[in-house]
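Fold and geometry: a report
Take a look at the letters that make up each chain.
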Amino acid sequence: MQKKWKKLLVFALVLTMLVPAGSGLTALADDETSTSETTQEAEDGGDEGDDEDEGDDELIAKVTDEQALQFCEQVAENDKFILYYDNGERDDKDAEDTAASKLCLYVKSTGKYWWSAPINAFADDTVINQMKGTTMKEAQRRQISSNLILTYAELEQSKRTTKSVYSAMNGVTEKAKNIDNGIQITYDFKKPKITVPVTYTLEEDGLRVAVETANIVEKNSSEENGMVITNLALTPQFGAAPATDIDGNKVEGYMIVPDGSGAVIEYNNGKSGYNTYNQKIYGRDYTAVPLTAPKITDQAYLPVTATVCGENGLVAIADDGDANANVCAQVSGQSNQSYNTSYFTFELRSTDTYYMSGDSGNKLTVFEKGGIATPKISVLYVPIEKDGGVNYADVAQVYRNHLIENGLTASTESDSYNFYIDFYGGVMKQRSILGVPVSLKTAMTEFEDAKSILEDLSDKGVSDMVVGYNDWTNKLIKQNISTKFKPSGTLGGKSDFEDLQSYIDSVGGELYPTMDNLTMNSSTWGYWTLTSTAIRVSNAYSRQSSYSIAFGYEEKGVSPALLTPNAYGKVFGQILDSFNDKGQKNISYGNFSTALVSDFLKKEKSVRDETKNKIVAGYEEATNGGIDKILCDGANAYVIKYASHITDVPIYSSGFNITDYDIPFYQMVIHGYVPYSSVAINKCSDAQEAFLLSIAYGSGLHYDMIYEDAQEISDTDYDDLYYANYKAWMDIAAAQNEVATQALKKLSSMTISNFEREGNVLTTTYSGEGASDVTVVVDLDNVTVTVDGVSLDLSKTTMTGGLLS
């Protein structure tokens with residue numbers, strides 16, 4: 001026995017040395033965090049971590065789609081689809097033990113079957129544990145056979161944990177009834193005493209899976225030791241692809257996740273040792289202040305994911321409740337299962353974590369009180385097919401069509417290309433007056449400075465400039481709520497601002513004063529920190545902490561207060577009145593286009609879904625009330641239709657270990673409809689690559705600029721603009737703009753119809769009605785750009801001195 005243990009120990013040590021170095025940092029690289037302990041509960045006794053269950057020795061035979069269909073009944077049909085339902089009941093008791101309910105969406109035009117859960121989950125013979133040579137355990141087979149994953153919280157003070165239950169587990173019953181164009185299935189989870197009715201309804205484009213949250217029943221949610229629902233994953237295995245097909249051949253395909261610009265996860269990519277993909281749609285909720293610095297990741301701006309296998313794909317859109325959705329994905333081998341799948345899970349109640357009395361050793365978790373505030377959650381599944389194979393742009397077109405159906409119209413002019421600049425006006429800086437340190441408003445880019453920079457750029461051939469001006473009022477410089485159109489005297493005042501405006505108009509540019517009112521440093525008239533600060537689930541004020549760069553711990557001191565969403569209507573209204581009074585037709589609302597927050601004030605709660613609606617109402621009021629154009633500094637899906645321009649569109653994803661490569665998915669959705677720019681070129685660590693990616697992704701070029709030298713911004717809130725002094729970038733920006741204009745100007749109103757990536761060679765194809773396709777090829781390694789085979793001269797777009805390499 002001792003020899004056996006010694007051998008195992010030696011083997012484990014050798015295996016440790018062979019593990020890739022990056023896998024030890026998985027928890028830091030992948031976003032799979034939770035504010036409380038989460039466990040997976042197998043109510044039939046099969047625990048995921050049970051080593052006694054080695055998997056099934058004798059597996060049932062695999063079946064084809066047609067064979068699986070014999071257990072189904074037709075429940076709905078339209079011109080394009082048929083919906084079938086298998087209730088999981090079998091005449092043979094043994095067969096019933098290896099069956100689970102599922103739905104099937106049949107596509108008439110192609111004969112493709114899309115199942116809500118794998119039909120061969122209990123027959124799958126993929127080896128999961130390579131050391132033991134075993135397949136999936138029964139618990140995993142039931143998990144991947146589930147149409148619903150319910151996560152609930154135990155409210156008992158000594159526990160305060162969350163647990164997940166799968167609908168195909170024992171202890172969960174189902175009751176089905178037919179409804180118009182579909183079926184409703186009510187899932188009764190016995191232990192938490194929660195029932196969830198889910199509707200599956202055929203629509204013109206596909207299948208909608210939805211839950212009206214008012215119909216969810218929580219039988220003991222008001223008890224001290226009760227249980228309440230916190231999260232719900234709808235059909236997490238819809239369209240799941242196995243590692244191998246029925247004949248044992250490896251299944252080839254990929255999934256798209258909306259991380260930053262977009263990322264691809266290939267089926268069976270061998271990354272089972274890394275965390276599964278989990279990213280919150282529209283970014284984190286700023287109301288819940290993390291105890292340590294949040295991970296720096298790119299945001300998921302679009303509530304869409306897809307799985308594609310050859311000539312068929314399935315696009316999933318989180319429609320209702322998208323503000324509370326997370327997009328998730330996993331590949332074969334992860335979570336001890338053998339399928340590749342992407343899906344959405346919805347947060348129905350928020351959580352918060354804090355330290356009692358400042359004691360870091362006494363961490364408490366609290367859950368959102370009251371009923372479920374989000375009225376409805378739904379996922380729309382849209383099948384697509386294409387001879388020769390579905391590409392990324394085909395998936396993007398599906399989501400673009402969804403946006404068009406919800407009000408998106410093309411605002412891009414033909415034969416146009418914009419150059420984007422963000423100026424930063426003033427900042428508070430500490431100075432010594434008679435030996436006393438005083439914080440004073442300090443100009444970093446005065447209005448006449450900005451005009452001088454633009455004149456210089458114009459002389460160098462730059463035209464069609466779109467200019468964002470940040471921190472241009474006294475209150476914005478002080479980082480307080482600012483709702484009046486009143487240029488700061490520190491930057492030159494009204495007359496200098498008007499001169500700047502007149503110059504930009506005269507050269508055909510556009511000026512967008514930014515009114516960023518997400519947070520406030522101190523109280524101002526009408527916006528008091530005592531009454532206008534968002535409240536956390538823990539009932540504390542939401543103060544946006546700063547964190548130690550070295551250790552990530554929260555720094556001491558008074559942090560900016562997060563403005564309550566209940567004040568958004570007032571802010572939007574006052575800004576609109578002031579801009580109309582001054583005849584100003586263009587505006588940017590800053591972080592309002594990308595940030596979503598909550599307020600858990602008992603009397604007037606506003607969860608993310610409601611906050612989204614308030615922001616949409618503000619943008620709607622502006623466009624209908626006198627504002628002609630809105631510039632969005634980044635844009636979540638729900639504001640895209642209001643945008644005249646979108647800046648800071650990502651050119652990378654977060655780079656999670658599970659993903660294989662980046663694609664310009666966001667750009668594919670909006671190109672030809674809304675003009676957009678890259679992130680600031682001079683902000684990127686590799687500015688040359690950022691320039692090339694901008695061309696490859698059809699983006700306008702974007703630069704951050706300030707007038708003063710870098711030393712002037714030291715020890716201010718502009719510390720991170722160290723790269724932005726205009727002098728270093730004027731010539732290079734003009735040269736890059738010339739090349740980008742040559743490459744992309746004539747393509748402005750065309751859509752991206754295909755994108756291919758062969759290593760670092762990126763090929764983008766543009767198509768337009770009545771026009772020939774145009775292909776742009778960018779080679780990142782050899783630093784070349786060709787348009788329909790014609791090479792462009794990049795000799796002046798590189799910079800000596802190490803700024804560009």
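Just above sits the structure.
All residue numbers here refer to positions counted from 1 along the written sequence of the relevant chain. In view of the model being predicted, local features appear only for residues whose pLDDT reaches at least 70, and side-chain atom pairs are presented and counted only at 80 or more, with totals across whole chains, interfaces and linings using the full set of residues. Hydrogens are left out, water is left out, and the side-chain values use all remaining heavy atoms of the structure.

With that settled, consider helix H13 (residues 687–696). Of all the 10 residues making up H13, nine are buried; the element is thus mostly covered by neighbouring parts of the structure. Turning to H13, its buried residues are Ala687, Gln688, Ala690, Phe691, Leu692, Leu693, Ser694, Ile695 and Ala696. Working rule for contacts: check all heavy atoms of both residues, and any pair within 4.5 Å makes them a contact. Each helix corresponds to a stretch of at least 4 residues labelled H or I by DSSP, and each strand to a stretch of at least 2 residues labelled E; elements are numbered beginning at the N terminus. Of the surrounding elements, those touching the buried residues of H13 are strand S36 (676–678), strand S37 (701–705), helix H14 (730–744), strand S39 (761–768), strand S40 (771–779) and strand S41 (784–787). Once H13 finishes, glycine 698 follows within two positions and takes phi at roughly 70°, a positive value. For the exposure calls, accessible area comes from a 1.4 Å probe over protein chains only, and a residue counts as buried if that area is under 20% of its type's maximum, exposed if over 50%, partly exposed in between.

Right, let's get into the state of the cysteines. When two cysteine sulfur atoms are found within 2.5 Å, that pair is recorded as a disulfide. Under the defined criterion, the tally for this structure stands at zero disulfides. Not engaged in a disulfide, the cysteine cysteine 104 finds its nearest cysteine sulfur in cysteine 72; these two sulfurs lie 6.1 Å apart. By relative accessible area, which is 0% here, cysteine 104 ends up buried.

Bringing the sheet that holds strand S4 (residues 102–107) into the picture now. Neighbouring strands of a sheet are bound in pairs by backbone hydrogen bonds; such pairs are parallel or else antiparallel. Being paired, for any two strands, means DSSP has found at least two bridges between them. Within the open sheet, the four strands sit side by side as S2-S3-S4-S5. Their pairing is antiparallel. Sheet topology places strand S2 (73–77) and strand S5 (112–115) at the edges, where each strand pairs with a single neighbour. Taking each pair of neighbouring strands and ignoring which way they run, the sheet shows an average axis angle of 25°. Pairing of S4 with S5, which is carried by four bridges, proceeds in the antiparallel orientation. Along S5, the bridge assignment pairs valine 107 with lysine 112. Helix axes are fitted to C-alpha atoms over the stretch in contact, other axes to C-alpha atoms as well, and angles between N-to-C directions run from 0 to 180 degrees.

Before going further, it helps to examine a positive patch on the surface. In this scheme, patches are assembled from residues that exceed 30% relative accessible area and form no salt bridge. Like charges are connected within 9 Å, while nonpolar side chains (Val, Leu, Ile, Met, Phe, Trp, Tyr) are connected within 5 Å. A 1.4 Å probe and the Shrake-Rupley method give the accessible areas. Residues count as covered only by the protein chains that appear here. Salt bridges are defined by distance alone: a side-chain nitrogen of Lys or Arg within 4 Å of a carboxyl oxygen of Asp or Glu. None of His or the chain ends enter the tally, which takes Lys and Arg as positive and Asp and Glu as negative. One atom stands in for each charge, and that atom is NZ of Lys, CZ of Arg, CG of Asp or CD of Glu. A cluster of basic residues, Lys441, Lys475, Lys478, Lys484, Lys486, Lys494 and Lys582, forms a positive patch on the protein surface. Looking at where lysine 484 falls in the secondary structure, it is placed in the loop between helix H8 (474–477) and helix H9 (493–506). The class of lysine 484 is exposed, set by a relative accessible area of 60%.

Spatial ordering of the open sheet is given by S38-S39-S40-S41-S42, a layout of five strands whose pairing is antiparallel. With partners counted over all chains shown, the strands left at the sheet margins are strand S38 (751–758) and strand S42 (790–791), one partner each. Of the pairings in the sheet, the one linking S40 to S41 comprises four bridges and is antiparallel in character. Following the sheet pairing, valine 778 is matched in S41 by valine 785.

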